Amino acid sequence: MMPFASATLLLWGLAAAIPIAIHLWSRRRHEEHAWAAMAFLMAALRQHARRARFQEWLLLTLRIAVLVLFAIALADPRTAGRANSAFPLAGGEPTHHVLVIDASYSMDLRHGERTGLDRAREAALAIVRNAPQGDGFSLVLLADPASVVLGEPVFDTAAVEQELNALRTAPAGADLTSTLARVRELLAQARQRVPRLARRHVVVFSDMARNTWDPGNQATGDWRRSWQELAEAAVLEVRDVGPRTTSDLVNLAIVALRSAAVVEGPVARHDLQAGGEGRLEAVLRNFGSRATSATVEFQVDGRPLAAPAITVPPRGEAVATARVRFDSPGDHVAKATLRAVRPPDELPLDDHRWLVIPVRDRGEVLCVEGGLDEARFLALALAPGTRGATAARDAQSIRVGIASETALLDRSLHRYDLIALCNVARLSDRETQAIGDYVYRGGRLAIFPGDRTDIANFNERLGGRPRRLLPASLGPPRSQDDLRIDPRGYRDPLIAPFRGQERAGLLSTPIWCYLPATVIDANAARVALAFHNGDPWLVHEPFGPGHVWLCTTTAAPRSRIAGSDPPRPWNAWATWPSFVPLMQTLLHEALAGRSAVRNILVGGPLTGAFAQEANDSSRESGTTASDSVGDNARGNTGDNASGNAIASGESVLVELPSPASAMASAFAEPAETQRIAAERVGFELRWLLPATSIPGIYVARPSHLDSDSKSKANASDTLSTMSPRGDSLSSERDTQATMGVEQRFAVNIDTRESDPQRIDADDLPASLRESFLASNPDASGLSGPTGAAATPGVFRGVEMAGTGSAGTESAGAESASTGSANAESADDGTVGAKEPFAEAGRDDRATRAVADSEQRRWFRPLLAMIAMTLVAESLLAWRMGRRGGA
Amino acid sequence: MTASPTFFDPRTLARLNGLALRARHIVEGYVAGLHRSPYRGFSIEFAEHREYAPGDDLRYVDWKVFGRTDKFYLKQYEDETNLLCYVLLDTSRSMSYRGPGSALSKLEYAQCLAAALAWLVLRQQDSVGLATFDEAPRTVIRPSGSPAHWPVVLNALEQVAPGPRSDLGAAFAALAARLVRRGVVVVLSDLFDDPARLSAGLRQFRFRHHDVILLHVLDSAELLFPFDDGKRFTGLEGEPAASVDARAIRGAYLAEMEKFLAGVKSTARAQGIDYLLARTDRPFDETLAAYLAARLARVKP
């Protein structure tokens, strides 16, 4: 049956009575005419009558048909029947199909013989092949970021098929919100450019993974709004190509690879020092529901390290470790690989993980002092062996430079692991800029204000927008005699080593004067230590990849309490036993996190800077006498001297890993080398690769060095083609890495996508659930254990969304049509489980969207029929008239 | 000097009342136009003498010849050689049809023609007779050449009343029996009858050695069927009415009419009858000229 949107308009059908009336009346109306030659007239009539009567009736019928059809068109008919009753599709208007294919890597998950992507591709191909001529196609990848493969509607189905066949997943999750937004833009554009595609049909092929479809996903935001917006513009459909059940899937993933220092007491041997010993930790997660065992193969710089075997409980985690020791400085690449997974893993992409560990022969600290000797104690505490030479290795491990404020501007700050501002009075705009650049590119800053500090200047320069560097705004100095220390439960990693070590003197630190501070962003900032009155002593806050520690009192005993007579110092902390261990943990924290910028997730930007200070310091005379770092011969000075100076306007070459390297060894041949324009800022050559798309190891180096080293290594190599690397680094590259002229980055996948857990139909918005269940009649397996293993159906519109029983019918029809022996699909339980869904989830909007599309579907054919009838009518009338006149 | 065409325009004549006026109008216009007409002299024939035979009327003895030759010869006068013209006018109801494009009905037109012919014949000292008929002869006026005959003919023409229906065969047969003297028979009719009966009727005249001229009076509407919309046609002679879409039926009608005309013409040709189509929307002089041409052709073979 065919319901009508406006049945009252059907009354227009009564207009069909008009031609009948005219017909009858025109008979009656015949003018009387006395006639002599009746015999001939009668003869003519006899001859003519039969045909005339037929034609007359035909004409009448046509005229009536015009009016009846017009009334039907006005009444806006709706199809309630099955869409594959050929007419609406075959005779309908051309449709713009937007095929949105989930390209998150969970689509690679194998279930049965095929992956989700295979199924999606098949279903999409079916749509393309079954679509009537004249339909246009767009192809969009549901990915992060959304990627439009075919934007403007393509009418060449062969081209679409080719693109579909070439589809690959991206090694990342998917951003549903932005993808839907892109689809909407795309539809709007297509509407303008190809207006004849009157119908819009968006099909999303997805495995319905929770990571993508969870409306509560923090990263991508709530996509439901975008969905509603899109639903107003097109008919939406979701095809579930995921596994019917996730219970028997096996996916073991390395969700993290990290290096941990071996902590020896309060002083750490941190992992980035050459000669230091550390530990590689691979965190394994079992996403399946069966215990899974595997061997974790660790490699460092291509050399196998250890391969512990480990068993991970269902939906649990385990950590595999390997001891590692770095003898040479440079960017070391560690890789963990899962081998011999039992039962066999079905998603290989997350079985690898890389870690770049930038190992230095020593840490670099810059202490900027606002007055003489303000940084002396701090420098001693950070590098205890420097002056006393008690431990040779420590002496080498940390180099502390002391300089005045001018040092902030006369060198590249990038190479410092930590910069400390000790009682600096004021900061100029340029100095603030330099510090800001440093922190926001991953630098670590410790601020020790003192009596010289211009609080207003600090609050304004460091505490304001756009780049805040101060975790807390400072107030005027407050002196108090009986200040007690609140360790805040030793929760902060900075203080944690003092736990149980009360005699280390932390709580008895003699402090009499401090700057009361108010934390600006309570969510980000972390108060490590406070005074008993609640005022913070030590506040930490990350700014981008960088970190800032604010200490509200001085690190040197030279600050005097204002107005005190005799003059009293702010504190005696620098000479107290707690000072050195605290500064050492601070240093450790500062150093430990520095590899974070080298290890990012797929999709994130790669950014780095190459120092070029030697080049410039020769021209500038800003180096102070007290700067013990300026003469630091780090090899690149030598390079610069030999003519390899980084000139401004240079570019940086970044080697990208090949997509296949995800499966291959750590040092597969790079797929391509990108040349990136670098920007010279101050003493640095800064570069930025805005987005990464392939997991693996990225190597960046200034382009001129590359050509130089290449010509040495292999004269025939060109700039853009890199020679294949062996499993071990060449000595030259080693040197380059050591010299800091080559930077490595590990780009890993975000393993949240590895979770094959599917979204419950209950979690979907009602409108979507409706259309989803309608187009995936066996999707009720989502919420229950009933595993209908039927293949996703051939093309089927969403018209059936309006009828509660459609799901059941089509399930039956489908299993019959596929003919595959899916014992489960005919299961009564499946059918029973569907009914409540279909009954419960009626959403007006969904049905309205569907109905709108149907109106479009019917209206034009009706108009066409009216037009054709009119043409036939006039032709017939003309012909009859002509016959009479002949 | 040429005649004004208005003299012969039926529309002009239609404004004139009285058949005498109309006929005079036509003929005077025509005679004026025939100033140098070659047809002028088919009037008086020669006389002939023949020997007297006992029983002949002595009045006709030519005494002059007897005086010279002493023999009796009779003088035969032109009386025998005078043209006898019978005008047969169809007064059936079908003749009263007047189409939308015509000023006169077929009967009116035929009346005018008859009157004009009578006038013409009388002017030439010939005799003219008149008969009207429908399904049977109605009025029959014996032929006479006297000028006093003209009002009689005219009166008879004016007294014509349409009869119910035509039966040409019967009417012609009856008339042929009464027109004993050989002459020219001018039939003014629409000939709407069965072609076979028509043919039989005409043959009756030919049997009696009449020269027959068919003046087929038809309305232009009957010839062209110029109707566009639906019409309900009622028969003038009692045929059942028919509602037709004129435009649709036109072709078939015209074909029928064509067939009818062809049949009539072939009948006429077969019997040596002159056939003339007199369309009521055409000027009378055209018709008259055609008639006279036909007459001349017959007189001077």
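Since the model is a prediction, treat every value here as computed from it, not as a measurement.

Caption draft 1: Representation of the overall build of chain A in the model. Along chain A, the regular secondary structure elements total 23 helices and 37 strands. When each of the 886 residues of chain A is scored for burial, the buried share is 47%. Within chain A, contacts between residues separated by at least 24 positions form 78% of all contacts whose residues are at least 6 apart in sequence.

Caption draft 2: Here's a closer look at the sheet that holds strand β5 (residues 136-142) of chain A. Residues and elements named next belong to chain A. Strand order in the open sheet formed by 5 strands is β6-β5-β2-β7-β8, and the pairing between neighbours is mixed. In this open sheet, the two strands that pair with only one neighbour each are β6 (147-154) and β8 (235-240). Neighbour-to-neighbour, the strand axes of this sheet turn through a mean angle of 15°, independent of strand direction. Sheet topology note: the strand β7 (residues 199-206)/β8 ladder contains 6 bridges and is parallel. The partner of V202 across the bridge, within β8, is L236.

Caption draft 3: Representation of the sheet that holds strand β8 (residues 230-235) of chain B within the structure. Strands sit in the order β1(A)-β8(B)-β9(B) across an open sheet of 3 strands; the sheet is mixed. With partners counted over all chains shown, the strands left at the sheet margins are β1 (31-35) of chain A together with β9 (242-245) of chain B, one partner each. Across this sheet, the average inter-strand angle for adjacent strands is 35°, counted without regard to direction. Packing of helix α9 (residues 246-270) of chain B onto the sheet brings it into contact with β8 and β9 of chain B, and relative to β9 of chain B it is tilted by some 95°.

Caption draft 4: Helix α8 (residues 224-233) of chain A, seen in detail. All names here are of chain A. Looking at α8, one finds that the buried residues are S226, W227, L230 and A231. The arc that holds the buried residues of α8, viewed along the axis, is 140°, so those residues lie on one side. Along α8, exposed side chains directed more than 90 degrees from the buried face belong to E229 and E232.

Caption draft 5: Spotlight on the packing of helix α6 (residues 168-178) of chain B against helix α7 (residues 195-207) of chain B. Residues and elements named next belong to chain B. Where α6 meets α7, the closest approach of the two axes is 7 Å, and the angle between their N-to-C directions is 10°. By the angle class used here, α6 and α7 are roughly parallel. Of the residues in α7, those touching α6 at L168, G169, A171, F172, A173 and A176 are R197, L198, A200, G201, L202, Q204 and F205. Here the contact of α6 with α7 is composed, by residue class, of 9 nonpolar, 3 polar and 1 charged.

Caption draft 6: The arrangement of the nonpolar core in detail. Residue and element names in this part refer to chain A. Membership of the largest hydrophobic core comes to 105 residues, with the highest contact counts inside it found for V100, L142 and V202. With 6 residues, the top contributor of residues to this core is helix α4 (residues 116-130). Sequence-distant contacts of L142, defined by excluding residues within four places in its chain, comprise V100, I101, D102, A103, A174, L176, T179, V204 and S206.

Caption draft 7: Layout of helix α4 (residues 106-123) of chain B. Residue and element names in this part refer to chain B. The terminal C-alpha atoms of α4 lie 25 Å apart, and with 18 residues this matches the ideal 26 Å at 1.5 Å per residue to within 8%. Counting buried residues along α4, 17 of its 18 residues qualify, which places the element largely inside the surrounding structure. Q125 sits one or two positions beyond α4 and adopts a positive phi of about 65°.

Caption draft 8: Region of the structure containing the interface of chain A and chain B. Across the boundary between the two partners, chain A contributes 27 residues, which contact 27 residues of chain B. Of all the elements in the fold, those that place two or more residues in the side of chain A that touches chain B are α1 (17-28), β1, α2 (38-75) and α23 (844-885) of chain A. Looking at which element gives the most residues to the side of chain A that touches chain B, the answer is α2 of chain A, with 11 residues. The residue makeup of the side of chain A that touches chain B, split by class, is 15 nonpolar, 8 polar and 4 charged. As paired elements, β1 of chain A and β8 of chain B share 5 bridges and run parallel to each other. In the strand pairing of β8 of chain B, E31 of chain A is matched with K231 of chain B.

Caption draft 9: Expanded view of unusual backbone geometry. Residue and element names in this part refer to chain A. A cis geometry characterises the amide bond from R342 onward to P343, with omega recorded as -10°. At D373, a position not held by glycine, the phi torsion is positive, near 65°. Within the secondary structure layout, D373 lies in the loop between β18 (363-369) and α9 (376-382).

Caption draft 10: Here's a closer look at the confidence of the model for chain A. All names here are of chain A. Mean pLDDT over chain A stands at 72; residues scoring 70 or higher make up 71%. Looking across chain A, the model is least confident in helix α17 (residues 636-641), with a mean pLDDT of 34, and most confident in strand β21 (residues 444-448), with 92. Counting interchain partners and residues more than four positions distant, the pLDDT-below-50 stretch residues 779-855 has 139 contacts.

Caption draft 11: Geometry of the environment of A116 of chain B. Residues and elements named next belong to chain B. Turning to its location among the elements, A116 is positioned in helix α4. The buried category is assigned to A116, around which 27 C-beta atoms lie within 10 Å. Between the C-alpha atoms of A116 and L288, which are 172 residues apart in sequence, the distance is 8.7 Å.

Caption draft 12: Seen up close, the environment of M95 of chain B. Residues and elements named next belong to chain B. One can find M95 in the loop between β3 (84-90) and α4. As a C-alpha pair, M95 and E237 span 142 residues in sequence and 9.8 Å in three-dimensional space. Excluding residues that lie within four positions of it along the chain, M95 makes contacts with D90, K106, L107, A110, P162 and D190.

Conventions we followed
- Residues numbered from 1 in each chain as written.
- Chains lettered and ligands numbered in written order.
- Predicted model: local features only at pLDDT ≥ 70, side-chain atom pairs only at ≥ 80, totals over all residues.
- Helix = DSSP H or I, 4+ residues; strand = E, 2+ residues; numbered from the N terminus.
- Buried ≥ 20, exposed ≤ 12 C-beta atoms within 10 Å, placed from the backbone.
- Contact = placed C-beta atoms within 7 Å.
- Pairing = 2+ DSSP bridges.
- Axes fitted to C-alpha atoms, helices over the stretch in contact; angles between N-to-C directions.
- Arc of directions from axis to C-beta.
- Parallel < 35°, antiparallel > 145°, perpendicular 65-115°, else oblique.
- Nonpolar A, V, L, I, M, F, W, Y, C, P; charged D, E, K, R; others polar.
- Core = buried A, V, L, I, M, F, W, Y, C linked by C-beta atoms within 7 Å.
- Expected span 1.5 Å × (residues − 1).
- pLDDT = per-residue confidence, 0-100.

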